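# Chain and residue survey
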Amino acid sequence: MTVKELTEKMGLKAACMPVPEREISGAYIGDLLSWVMGRAGADCAWITIMSNLNIVAVASLADVACVILAEGVTPDGAALDAARERGVNLLLSEAATYETAIALSHLIK
Amino acid sequence: MSESLRFTFDVDGGDFTSAGHASVQVKKNLRQLGLSPEVIRRVSIAMYEGEINMVIHAGGGHAEVLVHEDCVEIILDDKGPGIADIEQAMQEGFSTAPDQIRSLGFGAGMGLPNMKRYTDSMEIFSTVGVGTKIVMKVNY
Ligand SMILES: Nc1ncnc2c1ncn2[C@@H]1O[C@H](COP(=O)(O)OP(=O)(O)OP(=O)(O)O)[C@@H](O)[C@H]1O
Ligand SMILES: [Mg+2]
């Protein structure tokens, strides 16, 4: 499943989607950045409620396929600019983290 | 013996809201060199954790990345407060990060363990009141 397909199927809003054709495999949920660095797999979808600039560096360096901000959280302006610049897909979910994860689990392995 | 490629960075201690510049740049450089995604990912994560630690715990420092024939070597050097008990600092969950840093998502006490996990070797030299030097290697 590509990030673009996932966005459509889950009804997410794309804050920015510089790499729509990126394939997703796996998922990780967490807000503590070193946990994400240590546990999130490459190419996964990362669900978080953290919205500051640091999530973009983490997403890029840990090489995740996309970041999904759950619970209606919106990114900082600086985070959004950096995501565009560094090619990080940043998606927005109005649903709670749990519901977002369940919806995701129906679509990816 | 052929020369190793070398990248150096001054890591600014002032701004932990946007730290990670050196790591992001290293990732770009290694990509251009055509290293495997797996090696790039391991170097990126280990370096980012070390870079953030220098910003948060040591007021900045210096980073050097050497691309050797058989590995990438990362050398981080700071003149911060040093680490009194390295064994304790290496434990998952140990952190002295202040609250305003924690609210940004740092301070889980997982950085040093991650650096160890993602590298093939890691050495820490630290003297209280003088500074900390960390040398890591990621083999191809
Ligand atoms: N360069 C450094 N100078 C001084 N102390 C350090 C340095 N790096 C780490 N430490 C000490 O070691 C502790 C553990 O570091 P570690 O990176 O594992 O966790 P953290 O930085 O507190 O949290 P996290 O990395 O999960 O965001 C730190 O809280 C700090 O006390
Ligand atoms: Mg740390």
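Here is a short report on the structure shown in this document. Everything quoted here is computed from the prediction, not taken from an experiment.

## Focus on the packing of helix 1 (residues 21–32) of chain B against helix 2 (residues 37–58) of chain B
Residue and element names in this part refer to chain B.
- One way to put it is that helix 1 packs onto helix 2 with a least axis distance of 8 Å and a crossing angle of 165°. Taken together, the axes of helix 1 and helix 2 lie roughly antiparallel to each other. Both helix 1 and helix 2 take part in a crossing whose hand is right-handed. Contacts from His21, Ala22, Ser23, Val26, Lys27, Leu30 and Arg31 in helix 1 reach Ile40, Val43, Ser44, Met47, Tyr48 and Glu51 in helix 2.
- Counted by class, the contact of helix 1 with helix 2 contains 7 nonpolar, 3 polar and 3 charged residues.

## Focus: the environment of A:Glu71
All names here are of chain A.
- Residue position: Glu71 is located in the loop between strand 4 (66–69) and helix 4 (77–86).
- Among the residues examined, Glu71 registers a relative accessible area of 43% and is labelled partly exposed.
- Polar side-chain contacts of Glu71 include one of 2.8 Å to the backbone nitrogen of Thr97.

## Describing helix 5 (residues 111–118) of chain B
- Of all 8 residues that make up helix 5 of chain B, 6 are buried, and the element is covered over most of its length.
- Along helix 5 of chain B, the residues that are buried comprise B:Gly111, B:Leu112, B:Pro113, B:Asn114, B:Met115 and B:Tyr118.
- If you follow the buried residues of helix 5 of chain B, they end up packed against helix 2 (33–39) of chain A together with helix 2, strand 3 (71–78), helix 3 (86–89), strand 4 (121–127) and strand 5 (131–139) of chain B.

## Here we look at the state of the cysteines
- A full pass over the atoms with the stated rule returns 0 disulfides over all chains.
- A:Cys66 forms no disulfide, and the closest cysteine sulfur to it belongs to A:Cys44, at a distance of 7.8 Å.

## Some details on the packing of helix 2 of chain B against helix 5 of chain B
Residue and element names in this part refer to chain B.
- Direction vectors running N to C along helix 2 and helix 5 enclose 155°, while the axes themselves pass 9 Å from each other. When the axis of helix 2 is compared with that of helix 5, the two are roughly antiparallel. Of the two elements, helix 2 crosses helix 5, and the hand of that crossing is left-handed. Counted together, Arg41, Arg42, Ile45, Ala46, Glu49, Gly50 and Asn53 of helix 2 and Gly111, Leu112, Asn114, Met115 and Tyr118 of helix 5 form the full contact between these two elements.
- Residue classes in the contact of helix 2 with helix 5 are distributed as 5 nonpolar, 4 polar and 3 charged.

Criteria and thresholds
- Residues numbered from 1 in each chain as written.
- Chains lettered and ligands numbered in written order.
- Predicted model: local features only at pLDDT ≥ 70, side-chain atom pairs only at ≥ 80, totals over all residues.
- Heavy atoms only, no water.
- Axes fitted to C-alpha atoms, helices over the stretch in contact; angles between N-to-C directions.
- Helix = DSSP H or I, 4+ residues; strand = E, 2+ residues; numbered from the N terminus.
- Parallel < 35°, antiparallel > 145°, perpendicular 65-115°, else oblique.
- Left-handed = near helix turned anticlockwise from the far one by under 90°.
- Contact = heavy atoms within 4.5 Å.
- Nonpolar A, V, L, I, M, F, W, Y, C, P; charged D, E, K, R; others polar.
- Buried < 20%, exposed > 50% of the residue type's maximum accessible area, 1.4 Å probe, protein only.
- Polar contact = N/O pair within 3.5 Å; in protein donor to acceptor, adjacent residues only side chain to side chain.
- Disulfide = S-S within 2.5 Å.

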